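# Summary of structural features
Residue-level listing of the chains:
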Amino acid sequence: MDTDVLIVGAGPTGLMLANQLARRGMRAMIIDRHSHPARETRALGVQARTLEIYQKLGIVDRALELGKVGDGANLWANGEQKGHVPFGNAGRHVTPYPFILVLGQDDNERIMGEKLGTFDLPVQWNTELVALEQKPDLVEATLRQADGSTRTITAAWVAGCDGARSAVRELNKIEFPGAPYEHVFYVADVEMTGTMVPDEVNIYLWKSGFHLFFPMRGKDHWRIVGILPKPLRGRDDVAFDDVVPSIRDEAGSALSFGSCSWFSTYRIHHRAAARFRDRRCFVLGDAAHIHSPVGAQGMNTGLQDAYNLGWKLALVVQGKADAPLLDSYEAERIPVARRLLETTDRAFRIVVSDSAIAGLLRTQVLARIAAFAMRRESIQRYAFGVVSQTGIQYRESPLSEATDRLPEAAPHAGDRFPWLKLKLRADGPVEDLFQSLDDTHFHLLAFGQAAPAGTMAGLGDLLQVHAVPADSGNDAELQRARIPQPSFYLLRPDGYIGLCGTAIEAAAVSRYITERLRIR
Ligand SMILES: Cc1cc2nc3c(=O)[nH]c(=O)nc-3n(C[C@H](O)[C@H](O)[C@H](O)COP(=O)(O)OP(=O)(O)OC[C@H]3O[C@@H](n4cnc5c(N)ncnc54)[C@H](O)[C@@H]3O)c2cc1C
């Protein structure tokens, strides 16, 4: 076998998967048909859940150093500020990163590429997947190289991180149902001044559409995302100067523009792959789902796909788990993609509709409802959970199980385990669990009860057991997170709750490990 895992595509999704496999000691190979990394910014909103993963990977400080923190979001309609959500308030107990980080896709790729270099796993550029054949025990992949010659290699598994026109998806005849939107998006990086709240995301609803302004590094530097005005839609030579009059029509003198360093238009489709796996091949990222960029979710969703598959694939390749564990990738990530498509679709239809009624709906009704909602803390928290992706849960997953009923408000199997600061030893310091619990192990947390003696049957040295001591600070923190005592939580390497319940029963844990996780 030439490689355990062939990763096709070195965009953000492929680079994340390669990092996750490399740090677990896998023999992976990552190829890309281009001759070098992308130089365009493209996606630029890095969500809190992605930053949590970056922290585990050891690249969050670099990302924070290069990016710009967006502290909140503002809604504007008819020239007036209608609403404001301070992300810090909504997310301060949820994540160490209660904001959106504005950092271009090119920088994200560079940081992940540099990290990959430390594992001695360079991207093989100028290498395109052109054919593949699935056999029972391996996949034969034909690669075209820069000089036009081809070579065939064998891989145990193939990960298609090869974007919207994925060869892995098409060669496996996986359908990609959906449709293009009639609208054409544009993005522009511009020097501008105006009513925008600095360092925050500003959403402007107009009679004829909308604009999103993301703060970028540098003085008065903004990324504008909008849709092309109708008269410009058929043209392929549109420049930023062509769209300025339509913004001025709506904004008057409230906004003024300087130089534009990047302008691009693109047509959007909304599609989700019918399956995320075909025997030994997977699709992830844009290869599996594409949708409107309105919520800055696309790149982040691909990164989460890779994080979800990475630990499972590593266990199977290492021979520590059986292949059915990999079925849970599709079971967990397809619903996320479908939900995302539905929500972005719904939001998108209202904000882009061309009709006069839609214009009124946008600037009057929608603006009022949104402004009302933005003032309510419970809605702010809910919205932060959705947009930051910290609220994604896999409660319906075959890997999620409860041994008995926990209170409704408690974290449940399939939830991302909350961000807590606890003493893990009676005489030790208060620790940030996101820092302390590494993501190459399973973790069993026992609250208000003793930890089981010795190693739990089944997981061996894959498991770390923590009996959280009785302590007034711990009690207060657990109460805040609605974690009852006694209770226990078995966390998967990606920080999601696999198994939970009140009293730990060794037999139930062992059964979960062999039957659900399929650990050998
Ligand atoms: C102009 C623009 C603006 C955008 N703005 C936003 C935004 O604001 N927010 C947001 O969230 N998303 C945005 N997106 C979408 C975002 O860029 C994608 O969601 C993200 O790039 C997906 O990453 P990926 O790694 O899955 O795929 P890609 O980035 O498409 O990477 C796929 C890689 O696979 C390689 N490849 C393809 N086929 C083969 C093959 N056969 N063999 C070898 N290699 C192959 C390609 O060369 C490429 O490098 C934008 C996209 C565009 C085009």
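Now for a description of the structure that goes with this document. Here the structure is a predicted model, which is why all the values come from computation and not from measurement.

### Considerations on the overall build of the chain
The helix and strand inventory of the chain stands at 14 helices and 25 strands. In terms of overall dimensions, the chain is globule-like: its C-alpha atoms have a radius of gyration of 24 Å, near the 24 Å expected for 520 residues. A burial count over the chain gives 55% of its 520 residues as buried. Excluding contacts between residues fewer than 6 apart, the proportion of contacts in the chain whose partners are at least 24 apart in sequence is 72%. Element-wise, carbon and sulfur atoms account for 51% of the exposed surface of the chain, whose accessible area totals about 21,800 Å². Separation between the mean location of the 59 positive side-chain charges and that of the 62 negative ones in the chain comes to 3 Å.

### Looking at the site of the ligand
Around the ligand lies a shell of 27 residues, among which Thr-13, Asp-32, Gln-105, Asp-286 and Gly-298 are the nearest. Gln-297 has a polar backbone atom sitting 3.5 Å from an oxygen atom of the ligand. In the complex, 89% of the free accessible area of the ligand, which totals 1,000 Å², lies under the protein chains. Going through the elements one at a time, α1 (12-22), β8 (128-134) and α8 (298-317) are the ones with two or more residues in the shell around the ligand. Each residue belonging to the shell around the ligand can be placed in one class, and the counts come to 11 nonpolar, 10 polar and 6 charged.

### Things to note about the side chain of His-291
Counting through the fold element by element, His-291 comes out in the loop between β18 (289-290) and α8. On the basis of relative accessibility, which here comes to 9%, the residue His-291 falls in the buried class. In this structure, His-291 is in contact with Ile-268, His-269, His-270, Gln-297, Gly-298, Leu-340, Leu-341 and Thr-344, ignoring residues within four places of it in sequence.

### Topic: the packing of aromatic side chains
Evaluated as defined, the whole model comprises 17 aromatic pairs. Plain terms: the ring middles of Phe-87 and Phe-384 are 6.4 Å apart, the flat faces sit at 50° to each other, and that makes the pair tilted. On the criterion of sequence distance, the pair formed by Phe-87 in helix α4 (residues 87-91) and Phe-384 in helix α11 (residues 377-388) is long-range, its members being 297 residues apart. A single burial state applies to Phe-87 and to Phe-384, both of which are buried. On the numbers, 6.2 Å between centres and 65° between planes, the contact of Phe-447 with Tyr-489 is edge-to-face. Taken together, the residues Phe-447 in strand β22 (residues 442-447) and Tyr-489 in strand β24 (residues 487-491) connect sequence positions 42 residues apart. Members of the aromatic cluster, joined through ring pairs, are Trp-76, Tyr-204, Trp-206 and Phe-213. The ring of Phe-176 carries Arg-169 above its face, with NZ or CZ at 3.6 Å from the centroid. Just above the ring of Trp-157 sits the side chain of Arg-280; from NZ or CZ to the centre is 4.5 Å.

### Focus on the packing of α1 against α8
In the contact formed by α1 and α8, the axes pass within 8 Å of each other and the chain directions differ by 25°. The pairing of α1 with α8 is recorded here as roughly parallel in orientation. By crossing handedness, the relation of α1 to α8 is classed as right-handed. Contact residues: α1 offers Pro-12, Thr-13, Met-16, Leu-17, Gln-20 and Leu-21, while α8 offers Met-299, Gly-302, Leu-303, Ala-306, Tyr-307, Gly-310, Leu-313 and Ala-314. Among the residues forming the contact of α1 with α8, the class breakdown is 10 nonpolar, 4 polar and no charged.

### Details of the pattern of salt bridges
In the structure shown here, the tally under the stated rule is 32 salt bridges. Where Arg-277 meets Asp-327, a salt bridge forms, and the shortest distance between an N and an O atom there is 2.6 Å. You can see Arg-277 sitting in strand β16 (residues 277-278) and its partner Asp-327 sitting in helix α9 (residues 327-352), a full 50 residues away along the chain. Connected through shared salt-bridge partners, Lys-312, Glu-332, Arg-492 and Asp-494 make up one network.

### Regarding helix α7 (residues 240-251)
Under the 1.5 Å per step criterion, the end-to-end length of α7 is 16 Å for 12 residues, consistent within 8% with the ideal 16 Å. For α7, the complete set of buried residues consists of Phe-240, Val-243, Val-244, Ile-247 and Ala-251. Here the buried residues of α7 occupy an arc of 120° about the axis, which is enough to place them on one side. Buried residues along α7 sit against β11 (178-194), β12 (201-206), β13 (209-215), β14 (221-227) and β15 (255-272). Positive phi shows up at Gly-252, right after α7, with a value of about 60°.

### With respect to the pairing of β15
Bridge analysis of β11 against β15 gives 13 bridges, and the strand direction is antiparallel. Counted as the bridge partner of Pro-180 is His-269 from β15. Taken together, the 2 bridges between β15 and β18 define a ladder with antiparallel strand orientation. Each bridged residue has a counterpart across the sheet, and for Arg-271 the counterpart in β18 is Ile-290.

### Here we look at the sheet that holds β13
Strand order in the open sheet made by the 8 strands is β6-β5-β12-β13-β14-β11-β15-β18, with mixed pairing throughout. Strand pairing shows two members of the sheet lacking a second neighbour, β6 (80-86) and β18, which therefore form its edges. Its contacts with the sheet put α7 on β11, β12, β13, β14 and β15, and the angle it makes with β15 is roughly 95°.

### Considering the sheet that holds strand β25 (residues 497-501)
As summarised here, the arrangement of the 5 strands in space is β19-β25-β24-β22-β23, forming an open sheet in which the pairing is mixed. Two strands close off the open sheet at either side, each with one partner strand: β19 (401-402) and β23 (463-468).

### A few points about the packing of α1 against helix α5 (residues 105-118)
Interhelical geometry of α1 versus α5 gives an angle of 25° and a closest axis separation of 9 Å. When the interaxial angle is binned, α1 and α5 end up roughly parallel. As for how α1 packs across α5, the hand of that crossing is left-handed. Residues Pro-12, Leu-15, Met-16, Ala-18, Asn-19 and Ala-22 of α1 pack against Gln-105, Glu-109, Met-112, Gly-113, Lys-115 and Leu-116 of α5. A breakdown of the residues in the contact of α1 with α5 according to their chemical character gives 7 nonpolar, 3 polar and 2 charged.

### Some details on the environment of Arg-271
Within the secondary structure, Arg-271 sits in strand β15. Taking the C-alpha atoms as reference points, Arg-271 and Ile-7, separated by 264 residues in sequence, lie 22 Å from one another. For Arg-271, the contacting residues outside a window of four places in its chain are Phe-176, Pro-177, Gly-178, Ala-179, Pro-180, Ala-288, His-289, Ile-290 and Leu-341. At 3.2 Å, the side chain of Arg-271 forms a polar contact with the side chain of His-269.

Thresholds, definitions, all that
- Residues numbered from 1 in each chain as written.
- Predicted model: local features only at pLDDT ≥ 70, side-chain atom pairs only at ≥ 80, totals over all residues.
- Heavy atoms only, no water.
- Helix = DSSP H or I, 4+ residues; strand = E, 2+ residues; numbered from the N terminus.
- Rg over C-alpha atoms; globule rule 2.2 N^0.38 Å.
- Buried < 20%, exposed > 50% of the residue type's maximum accessible area, 1.4 Å probe, protein only.
- Contact = heavy atoms within 4.5 Å.
- Areas by Shrake-Rupley, 256 points an atom, 1.4 Å probe, with all protein chains shown as cover.
- Lys, Arg positive; Asp, Glu negative; His and termini not counted.
- Charge placed at Lys NZ, Arg CZ, Asp CG, Glu CD.
- Near = heavy atom within 4 Å.
- Polar contact = N/O pair within 3.5 Å; in protein donor to acceptor, adjacent residues only side chain to side chain.
- Nonpolar A, V, L, I, M, F, W, Y, C, P; charged D, E, K, R; others polar.
- Phe/Tyr/Trp six-rings, centres within 6.5 Å; stacked < 30°, edge-to-face > 60°.
- Lys NZ or Arg CZ within 6 Å of the ring centre and 35° of its normal.
- Axes fitted to C-alpha atoms, helices over the stretch in contact; angles between N-to-C directions.
- Parallel < 35°, antiparallel > 145°, perpendicular 65-115°, else oblique.
- Left-handed = near helix turned anticlockwise from the far one by under 90°.
- Salt bridge = Lys/Arg side-chain N within 4 Å of Asp/Glu carboxyl O.
- Expected span 1.5 Å × (residues − 1).
- Arc of directions from axis to C-beta.
- Pairing = 2+ DSSP bridges.

Distances and angles like these do not, on their own, reveal function.
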